[in-house]
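# Working through the structure, step by step
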Amino acid sequence: MTSSTGVNRTSRVELPSTDGRWHAIDLMEPRQWDEHPHPHSTRIAFAAAHAVADPLADNTPGAPAALDWDATLAFRRHLFRHGFGVAEAMDTAQRNMGLGWDVAQELIIRSAAQARELGASIASGAGTDHLVSATTTDDVTAGYLQQIEVVEGAGSQVILMSSRELAQVATGPDDYLRVYSHLLAQASGPVILHWLGEAFDPRLRGYWGSTDIAAATATFLDLVRAHADAIDGVKVSLLSAEHETSLRAALPTGVRLYTGDDFNYPELIRGDGTHHSDALLGAFAAVAPAASAALTALDAGDLDLYDTEMAPTLALSRHLFERPTFHYKTGIAFVAWLSGHQDGFTMVGGLQSARSVTHLATVFALANECRLLPDPELAGHRLRLVLAASGIVR
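Here we summarise the structure given alongside this text.

What counts as what
Residues numbered from 1 in each chain as written. Predicted model: local features only at pLDDT ≥ 70, side-chain atom pairs only at ≥ 80, totals over all residues. Heavy atoms only, no water. Pairing = 2+ DSSP bridges. Helix = DSSP H or I, 4+ residues; strand = E, 2+ residues; numbered from the N terminus. Axes fitted to C-alpha atoms, helices over the stretch in contact; angles between N-to-C directions. Contact = heavy atoms within 4.5 Å. Core = buried A, V, L, I, M, F, W, Y, C linked by side-chain atoms within 4.5 Å. Buried < 20%, exposed > 50% of the residue type's maximum accessible area, 1.4 Å probe, protein only. Phe/Tyr/Trp six-rings, centres within 6.5 Å; stacked < 30°, edge-to-face > 60°. Lys NZ or Arg CZ within 6 Å of the ring centre and 35° of its normal.

### Some thoughts on the sheet that holds strand E7 (residues 191-196)
- In space, the eight strands of this closed barrel follow the order E3-E4-E5-E6-E7-E8-E9-E10, with parallel pairing throughout. When strand polarity is set aside, the average angle formed by the axes of neighbouring strands in this sheet is 25°.
- Pairing between strand E9 (residues 256-259) and strand E10 (residues 278-281): two bridges, direction parallel. Note on E10: the bridge partner recorded for Thr259 is Ala279.
- Contacting strand E3 (45-48) and strand E4 (85-88), helix H1 (residues 69-81) runs over the sheet at an angle of about 140° to E4.
- Strands in contact with helix H7 (residues 241-250) are E7, strand E8 (231-237) and E9; relative to E9, the strand with the most contacts, it is inclined by about 165°.

### Describing the nonpolar core
- Ranked by internal contacts, the top residues of the largest apolar core, which has 121 residues, are Leu160, Tyr180, Leu193, Tyr207, Val234, Phe284 and Phe364.
- Those residues in contact with Leu193 that lie beyond four places of it in its chain are Leu160, Tyr180, Leu184, Phe220, Leu223, Val224, Ile231, Gly233, Val234 and Lys235.
- Core analysis: the second largest hydrophobic core is formed by 10 residues, Phe46, Ala87, Tyr258 and Leu280 among them.

### Overview of the packing of aromatic side chains
- As enumerated under the stated definition, the model contains 17 aromatic pairs in all.
- Residues Tyr265 and Phe284 carry aromatic rings whose centres are separated by 5.6 Å and whose planes lie at 80° to one another, so their mutual orientation is edge-to-face. In this pair, Tyr265 is assigned in helix H8 (residues 265-270) and Phe284 in helix H9 (residues 283-286), connecting sequence segments 19 residues apart.
- Residue class for Phe284 comes out buried when judged on its relative accessible area of 0%.
- Here the aromatic cluster, defined as three or more aromatic residues joined through ring pairs, consists of Tyr144, Tyr176, Tyr180, Trp195, Tyr207, Trp208 and Phe220.
- If you follow Arg110 out to its NZ or CZ, it ends over the ring of Trp69, 4.2 Å from the centre.

Structural data, given as structure tokens:
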């Protein structure tokens, strides 16, 4: 029996809590989300997509990444169908956490070919993670240029990722300005600058030459103002709405701010009446249908409906990205498995074990609350498998 509120009263799932107690939730009827095969008109929105591991491959910690290419590319088609561009081979895809450059470049090439076939947008990460050793900024610059060549050759827009190697060898702001100025002069088209905070990668502490955010921001803005014609936008992942609103107001005309704030994106995308953020978010990989419905309302000028559609996704996103934030990828892959986008809950580097079972149970509950589970009975069955495998049976 289904109630008027969309709850299937005959189906319930019991979830464990950290204190050993259990609570039951009703499985929600799946919502029939409208597809949006063309990009949204009022905001540019990229979803940073995860990579699906091959369940038959090794994919243990330290092993070379092996992907399920069919499922990985099918997930990108899912994002394209909801009006998103794909941000490829970023930290969501486990870049610097198991996904090496050898597989990342194949992922970029395959995904860009698919985007081209479908007339969709794609931007891909170029970094320096292939370098065996880097002792100078010249080494870092050369490494960046090698990856930029691959990304541009694939027909993708370039995202200049933050570089662990640059953070290690740079001695101050001038080193960052020199490296990035050279890269921007060499890129064939406007790029997206990616400033990834240490919550996502502790090895990026002190990026832009300072641990003081105000000083780092000043250096960052000096770079952007000097090379505005070569920059499409900046993607900032510092998880501070206050910092983002201040930064976007200071950007040169024509340079976008792509929010990477998975804690505050609804208000930042909505805007303050003067400025707004576009989006490049890992969270959108988990909540794509709901976020697409919100952006469709925004395109129609219906701010109330935008708020209504986007609001339920925020609790799920904040839970996915709770500390340690860099393990959010586990929850993204879990939602994809619950939703039937992949056959197994396995990840490159064995990172399916990076979150607790109770954390994953809450992911299930929040995704269910958002009505994001296309087949709730399948999702409930898969959750029970995880619980049983962990020795949690009532």
